[in-house]
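Architecture at a glance
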Amino acid sequence: MRSTAASLRQGDFARLHDVYGGLASGRILLIGAPGAGKTTAALLLLREALLFRSRASNEDREHIPVPVMVSLHGWNPAEKPIVDWVASELARVYPLLCDRISAIRLLREGRLSVFFDGLDEISPHLRRLVLEALGAAPFRVVLLTRVEELAHAAVDTPLLGAVALELRSVTPTEAADYLRRCCVNPRPQAWQRLCDHIEKAKSGPVAKAFERPLTLSLVRDAYTPADPADELLDPDRFATEDDIEGYLLDRVVTVAYSPRVGEPKPRYSAGQAHHTLSYLAAVLSEAHTRDFRWWQIDHLPHRAPRSGARRFAFTLFLKCGVITGVCAKPSRFLVPHLRDIFTMKKVGLMLAFGLLGGSIGALTSGKAFGTWSFLGFLIGAGIVAVSVLGVRREYGSTGFLDPWQSWCQDRNVLLMHCLGGSALGGLLVGALLFVGYGMSGLGNGLGAGHVVVIFLAGLTVGFVMGAGAAAAAVATTTFTFAQIAAAHGTPLRLMVFLEDARARHILRVTGEIYQFRHAKLHDRLAAKYQQALRPGRAAYLHTGP
């Protein structure tokens, strides 16, 4: 069926998909005012595209691109080509596209359709470069943006061939019907008053505010059926639509953490939740991102001060690889292969341990004992490498994990490697050294204390090898969470708090990333945190320790 301008004004997503699929240029601009529901509309369009592709025949499906969604945060088109950057983002967000080379091939062949969000949230001087790069992209593009920002960016560099579709405002009747469906029947008097006013009002702050889908969503989340929703009609408290929106954004967090009859008491108070969420929002805003990746917390400007001793310990044990190695992403369990177990790096490590042990033995107890020490260290390190290092740490298995699952997975990797390395190192290295003592004739002088020392030495070596092999990001993150809790009063178990906030619909999950559910909530919490800081503390936030 052919879509027309009149049919598109009806707001039917099937019509929107007709434009998306039938446009020869493959370029769509989905524009709207702040809070107009651009992200939600894009997600619904993406879902419609996936459903359409799933219903197609096998032959047709080969020619229908798979839609994916990425944020434009962090991309500088002057430094990285669009295909390379999108491939890197897909490898991070979508486990099935972890092979960057394959992702690049799919993008170049037009097998993927990319939805870009966040043009209005990147630096203004980059927007023109982004539009220029999107115009040359070899795949279909859907770009979400606000009207004003797009108009400024497209003055010199329009997105050629693109069709601009603007999301219309919600009508008073639609808004009232939506709120009535969100409430019990018969509706409480306060809710009925609010719905009647919205339906009849032609102008004023309430009519303006409820033209935005964001306001409707906030009212649904901020009020229970027993709450006085009609307080929004008070002209003395709410003189503008922004006053209404700001009040609702503040109330969403309060209501989410308020005790309710018949439900377990919230783990965190509303005050603690406000403080922690505001702090995280401010940190993310200072880093110019909306994405919270737990394994990269130490790369954010969290400003947790460290004493000289703690700074040294953090740098030595966590940054230099004894615990976290060169880890930049969460761990994965994958089936080991011999080529991965006996890599040149691991063989070199085994020989280094053997040479070190043999040299120490030869210098302290003679050539014979040095030979046995070399064999003991070599065999012990080899067994530990096979048993513990055999579980490869790799990002991008085909299993999809959310942030909490990836945290638990990484923690299990660390525990398994540490415990396994300690046990194997203590038993095998210690036993082989003990045999070396006996074969060299020095075993007669060994006492119980010597045996314990040898065993503990093997235990320590195995623990360090296991921890280093795990390279688990959870170690660095746990240490940093503790520093942040001490400095800023956030919960010590910050991942538990974040998962609780997700369950209360304050945060949302995108792949292995936490984001605030509403960008405006993120911005408001960050602004309030900055305003609440004392002048000296505000300066400290920007200068760091």
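See the structure above.
What counts and what doesn't
Residues numbered from 1 in each chain as written. Predicted model: local features only at pLDDT ≥ 70, side-chain atom pairs only at ≥ 80, totals over all residues. Heavy atoms only, no water. Helix = DSSP H or I, 4+ residues; strand = E, 2+ residues; numbered from the N terminus. Buried < 20%, exposed > 50% of the residue type's maximum accessible area, 1.4 Å probe, protein only. Contact = heavy atoms within 4.5 Å. Phe/Tyr/Trp six-rings, centres within 6.5 Å; stacked < 30°, edge-to-face > 60°. Lys NZ or Arg CZ within 6 Å of the ring centre and 35° of its normal. Expected span 1.5 Å × (residues − 1). Salt bridge = Lys/Arg side-chain N within 4 Å of Asp/Glu carboxyl O. Core = buried A, V, L, I, M, F, W, Y, C linked by side-chain atoms within 4.5 Å. Axes fitted to C-alpha atoms, helices over the stretch in contact; angles between N-to-C directions. Left-handed = near helix turned anticlockwise from the far one by under 90°. Nonpolar A, V, L, I, M, F, W, Y, C, P; charged D, E, K, R; others polar. Pairing = 2+ DSSP bridges.

1. Some remarks on the overall build of the chain
Scanning the chain from terminus to terminus reveals 24 helices and 9 strands. Here the chain holds 545 residues, and the buried ones make up 47% of them. Restricting the contact set of the chain to residue pairs at least 6 apart, pairs at least 24 apart contribute 74%.

2. Some thoughts on the packing of aromatic side chains
One pass over the structure, following the stated rule, counts 10 aromatic pairs. On the basis of an interplanar angle of 50° and a centroid distance of 5.7 Å, the ring pair of Tyr20 and Phe115 is categorised as tilted. Placement of Tyr20 in helix 2 (residues 13-22) and of Phe115 in strand 3 (residues 112-117) is noted, with a sequence separation of 95 residues between them. With respect to class, Tyr20 is no different from Phe115; both count as buried. Seen in terms of ring centroids, Trp294 and Trp407 are 5.1 Å apart; in terms of plane orientation they differ by 80°. Their pairing is edge-to-face. Of the two residues, Trp294 sits in the loop between helix 14 (270-286) and helix 15 (308-319) while Trp407 sits in helix 19 (residues 403-439), which places them 113 residues apart along the sequence. Pair check on accessibility: Trp294 and Trp407 agree, each one buried. Aromatic rings pair up to connect Trp294, Trp295, Trp407 and Phe481 into one cluster. Taking NZ or CZ as reference, Arg140 lies 5.7 Å from the ring centre of Tyr20, over its face.

3. Quick notes on helix 21 (residues 473-488)
The terminal C-alpha atoms of helix 21 lie 22 Å apart, and with 16 residues this matches the ideal 22 Å at 1.5 Å per residue to within 8%. Three or more residues of helix 21 are buried, namely Ala473, Val474, Ala475, Thr476, Thr477, Thr480, Phe481, Gln483, Ile484, Ala485 and His488. Directly after helix 21, the chain includes Gly489, whose backbone phi takes a positive value near 75°.

4. Things to note about the pattern of salt bridges
Where side chains of opposite charge bring their charged atoms close, a pairing between them can arise. All chains considered together, the criterion is met by 23 salt bridges. The salt bridge involving Glu109 is made with Arg105; its shortest N-O contact spans 3.7 Å. A relative accessible area of 45% means that Glu109 is categorised as partly exposed. Residue Arg105 is classed as partly exposed on the basis of its relative accessible area of 42%. Notably, a salt bridge pairs Asp221 with Arg517, separated by 2.9 Å at the nearest N-O pair. In this pair, Asp221 is assigned in helix 12 (residues 213-222) and Arg517 in the loop between strand 9 (513-516) and helix 23 (519-532), connecting sequence segments 296 residues apart. Among the ionic contacts, a cluster of salt bridges with common partners joins Glu62, Arg105, Glu109 and Arg111.

5. Quick look at helix 12
Most of helix 12 sits inside the fold, with 7 of its 10 residues counted as buried. Those residues of helix 12 lying buried are Leu214, Thr215, Leu216, Ser217, Leu218, Val219 and Ala222.

6. Here's the deal with the nonpolar core
Counting residues in each nonpolar core, the largest one holds 64 residues, and the members touching the most others are Leu179, Phe210, Tyr257, Leu277, Phe292, Leu498 and Ile506. Broken down by element, this core gets its largest block of residues, 8 residues, from helix 14. When sequence neighbours within four positions are dropped, the list of residues in contact with Ile506 reads Val252, Val253, Ala256, Tyr257, Leu277, Ala501, Gln515, Phe516, Arg517 and Leu521. In this structure, Ile82, Ile104, Ala137 and Leu143 belong to the second largest nonpolar core, which totals 34 residues.

7. Some points on the packing of helix 12 against helix 13 (residues 241-256)
Two quantities define a packed helix pair, namely the angle between the helix axes and the distance between the axes. Running from N to C, helix 12 and helix 13 point in directions that differ by 35°, and their axes come no closer than 9 Å. Remark: the crossing between helix 12 and helix 13 carries left-handed chirality. Here Leu214, Thr215, Leu218, Val219, Asp221 and Ala222 of helix 12 come into contact with helix 13, specifically with Glu245, Leu248, Leu249, Arg251, Val252 and Val255. Split into classes, the residues belonging to the contact of helix 12 with helix 13 amount to 8 nonpolar, 1 polar and 3 charged.

8. Section: the pairing of strand 1 (residues 27-31)
Among the 5 residues in strand 1, 5 count as buried, and that is most of the element. What you see with strand 1 is no split at all: Arg27, Leu29 and Ile31 on one side and Ile28 and Leu30 on the other are buried throughout. In this sheet, strand 4 (residues 140-145) lies alongside strand 1 in parallel orientation, the contact comprising 5 bridges. Following the sheet pairing, Arg27 is matched in strand 4 by Val141. Two strands pair when backbone bridges link them, and strand 1 and strand 5 (residues 163-166) are joined in this way by 4 bridges, in the parallel orientation. In the sheet register, Ile31 faces strand 5, and the bridge partner there is Glu166.

9. Description of the side chain of His17
Mapping His17 onto the fold places it in helix 2. Setting aside residues up to four positions removed in sequence, His17 forms contacts with Leu45, Glu48, Ala49 and Phe52.

10. Observations concerning the pairing of strand 8 (residues 507-510)
Across 4 bridges, the pairing between strand 8 and strand 9 is antiparallel. Its bridge partner being in strand 9, Thr510 is matched across the sheet by Ile513. In this structure, the hairpin formed by strand 8 and strand 9 is closed by a connection of 2 residues, where Gly511 is found at a positive phi of approximately 65°.

11. Here we look at the sheet that holds strand 3
Hydrogen bonds between backbone atoms are what pair the strands of a sheet, whose relative direction is either parallel or antiparallel. The 5 strands lie next to each other as 2-3-4-1-5, forming an open sheet whose pairing is parallel. Here the strands that pair on one side only, and so sit at the sheet edges, are strand 2 (66-71) and strand 5. The average undirected angle you get between the axes of adjacent strands in this sheet is 20°. Pairing of strand 3 with strand 4 involves 4 bridges; the strand directions are parallel. Paired with Phe115 across the two strands is Val142, which belongs to strand 4. Taken strand by strand, helix 7 (residues 124-135) contacts strand 1, strand 3 and strand 4, and its axis lies near 155° from that of strand 4.

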